[in-house]
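These are the residues of each chain, in order.
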Amino acid sequence: MLEIAYDLIGDVHGQAGLLERLLEQLGYVAAGRGFKAPAGRQAVFVGDLIDRGPQQLRVLEIVRAMMDAGDARVIMGNHELNAIGYVERKADGSGFLREHSPEKVAQHAEFLRQVGEGSAAHKEWVDWFRILPLALDLGGVRVVHAWWHQPYVDAIQRAHPGGSPISQDFLHAAFRKGSSEWQAVEGLCKGLEVRLPEGYAFEDHGGHRRHEVRVKWWADRGLSLRDAALLPASQRHFVPEIPLPADLPGGEPEGAPVFVGHYWMKGAPMLQSAKLACLDWSAAKGGPLVAYRWDGEAELVSSHLRWADH
Ligand SMILES: [Mn+2]
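Residues numbered from 1 in each chain as written. Predicted model: local features only at pLDDT ≥ 70, side-chain atom pairs only at ≥ 80, totals over all residues. Heavy atoms only, no water.

(A) Main features of the pairing of strand 14 (residues 289-294). Burial analysis of strand 14 places 6 of its 6 residues in the buried class, the great majority of the element. With burial as the criterion, each face of strand 14 is covered, one bearing Leu289, Ala291 and Arg293 and the other bearing Val290, Tyr292 and Trp294. Looking at chain direction, strand 1 (residues 5-9) and strand 14 are connected through 4 bridges and run antiparallel. Across the sheet, Leu8 pairs through a bridge with Tyr292, a residue of strand 14. (Buried < 20%, exposed > 50% of the residue type's maximum accessible area, 1.4 Å probe, protein only. Helix = DSSP H or I, 4+ residues; strand = E, 2+ residues; numbered from the N terminus. Pairing = 2+ DSSP bridges.)

(B) Spatial organisation of the pairing of strand 11 (residues 212-215). Burial of strand 11 is one-sided: the residues Val213 and Val215 facing one way are buried, the residues Glu212 and Arg214 facing the other way are not. Pairing of strand 8 (residues 192-195) with strand 11 involves 4 bridges; the strand directions are antiparallel. Bridging across to strand 11, Arg195 finds its partner in Glu212.

(C) The UniProt feature "domain: Calcineurin-like phosphoesterase" (unreviewed entry) in the protein chain, seen in detail. With numbering aligned to this structure, UniProt lists the feature "domain: Calcineurin-like phosphoesterase" (unreviewed entry) at residues 8-148. In this annotation, residues 8-148 is assigned 41% helix and 16% strand; the end-to-end C-alpha distance for the span is 15 Å. (UniProt positions renumbered as here; feature names shortened; annotations may be inferred.)

(D) Quick peek at the side chain of Asp71. By secondary structure assignment, the location of Asp71 is in the loop between helix 2 (56-68) and strand 5 (72-74). In contact with Asp71, other than residues within four places in its own chain, are Tyr28, Phe35, Lys36, Ala37, Gln42, Ala43 and Met66. (Contact = heavy atoms within 4.5 Å.)

(E) Up close: the sheet that holds strand 14. If you trace the 5 strands from one edge of the open sheet to the other, you get 5-4-1-14-15, paired in mixed fashion. Only two strands of the sheet have a single partner each, and these edge strands are strand 5 and strand 15 (305-308). Pairwise comparison of adjacent strand axes, ignoring direction, gives a mean angle of 25° for this sheet. Pairing between strand 1 and strand 4 (residues 41-45): 5 bridges, direction parallel. Of the residues in strand 4, the one forming a bridge with Tyr6 is Gln42. Strands in contact with helix 2 are strand 4 and strand 5; relative to strand 5, the strand with the most contacts, it is inclined by about 115°. (Axes fitted to C-alpha atoms, helices over the stretch in contact; angles between N-to-C directions.)

(F) Representation of helix 6 (residues 150-159) within the structure. For helix 6, every residue scored as buried is listed here: Tyr152, Val153 and Ile156. The buried residues of helix 6 occupy an angular sector of 100° when the element is viewed end-on, so they sit on one face. For helix 6, the secondary structure elements touched by its buried residues are strand 6 (135-137), helix 7 (168-174) and helix 8 (180-190). (Arc of directions from axis to C-beta.)

(G) Structural view of the pattern of salt bridges. Taken as a whole and judged by the stated rule, the model has 19 salt bridges. Measuring nitrogen to oxygen at the nearest pair gives 3.5 Å for the salt bridge that ties Glu124 to Arg64. Placement of the pair is Glu124 in helix 5 (residues 120-130) and Arg64 in helix 2, with a sequence separation of 60 residues. Judged by relative accessible area, which is 46%, Glu124 ranks as partly exposed. Given a relative accessible area of 23%, Arg64 falls into the partly exposed group. (Salt bridge = Lys/Arg side-chain N within 4 Å of Asp/Glu carboxyl O.)

(H) Representation of the coordination of the manganese ion in the model. Bound to the manganese ion are the protein donor atoms Asp11 (OD), His13 (NE2) and Asp48 (OD), situated 2.1 to 2.4 Å from the metal. All donor residues of the manganese ion come from one chain, and their arrangement in sequence is D-x1-H-x34-D. Of the two residues, Asp11 sits in the loop between strand 1 and helix 1 (16-25) while Asp48 sits in the loop between strand 4 and helix 2, which places them 37 residues apart along the sequence. (Donors = N, O, S within 2.8 Å, 3.2 Å for Na, K, Ca; no water.)

(I) Representation of the environment of Val46. By the element assignment, Val46 lies in the loop between strand 4 and helix 2. Assessed through its relative accessible area of 0%, Val46 is described here as buried. Between the C-alpha atom of Val46 and that of Val143, which follows or precedes it by 97 residues, the distance is 6.6 Å. Leave out the neighbours within four places in its chain, and Val46 touches Ile9, Gly10, Asp11, Ile75, Val143, His145, Val260, Gly261 and Leu279.

(J) Representation of the nonpolar core in the model. In this structure, Ile9, Leu19, Phe45, Leu49, Phe129 and Trp217 are the most contacted members of the largest nonpolar core, which totals 98 residues. Leaving out residues up to four positions away in the same chain, Trp217 has contacts with Ala146, Trp147, Trp148, Leu192, Gly250, Gly251, Pro253, Val258, Val260, Tyr263 and Leu276. (Core = buried A, V, L, I, M, F, W, Y, C linked by side-chain atoms within 4.5 Å.)

(K) Expanded view of the packing of helix 3 (residues 78-87) against helix 8. Between helix 3 and helix 8, whose axes approach to 9 Å, the crossing angle comes to 135°. Between helix 3 and helix 8, the interaxial angle falls into the category oblique. The segment helix 3 lies against helix 8, with Asn78, Leu81 and Asn82 engaging Val185, Cys189 and Lys190. Across the contact of helix 3 with helix 8, the residue classes break down as 3 nonpolar, 2 polar and 1 charged. (Parallel < 35°, antiparallel > 145°, perpendicular 65-115°, else oblique. Nonpolar A, V, L, I, M, F, W, Y, C, P; charged D, E, K, R; others polar.)

Dropping the structure here:
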């Protein structure tokens, strides 16, 4: 018999109003600073609680209170990871793990403004981010921010059994481009990227020239690179219609269903497959905040998707 059922919740990005409405819709009841889960249920947040939105501290307060009360679990998104790297100095003292370039400062500016950069609250929240696991295997469901890639999950599990907080050494290694720790963390939190052939490039939403494109790691291997690319329709033509690389890892997940966030999906919420749901439908850009009400099923059904609109 199923001991506990889960309500998986997508990237909140500081949208406290949407989160409160979604939780109420799911039968959660306001209690203290957070919300109490219905009997036999628990919320699971897929990461990216912060950055962009207007009420990031309220979101953190709700989610942490729920976690402390046993009403929620939370994994790390790339925005929490970046927040840690932003304040953590490199071992040799030459700046921070995540550089303070104009692009990276801009991405994080709203969180820094709301929390007060360098304040006691800033330190406290970043310390809390450090204890969040990078992936959770709950038996009937698996949760990761961007890509459930078993070798990466196993690498994290070996270093940090049972989802224990990542060590200082691991954290520093995870910000050294090219290291195995960097690969694993980058993959789990940011997904799978493919290098474009020579001569191809596109500009991302920030106007930065990119030579690598993010692809659906779950994509059918018969798709072209263009069809597997996670790009807005207006930019797809920058990606050639060539087959996906033969040695590309990933593919349709098998086993327990996987839940991710991260991908800024647009339009009406839908499942990616019976084994995969992306719950990020761009709540930070006017889209709905999406949840999946999981009751123990091995195959996901779209009627279990729930959401709150702006
Ligand atoms: Mn996100």
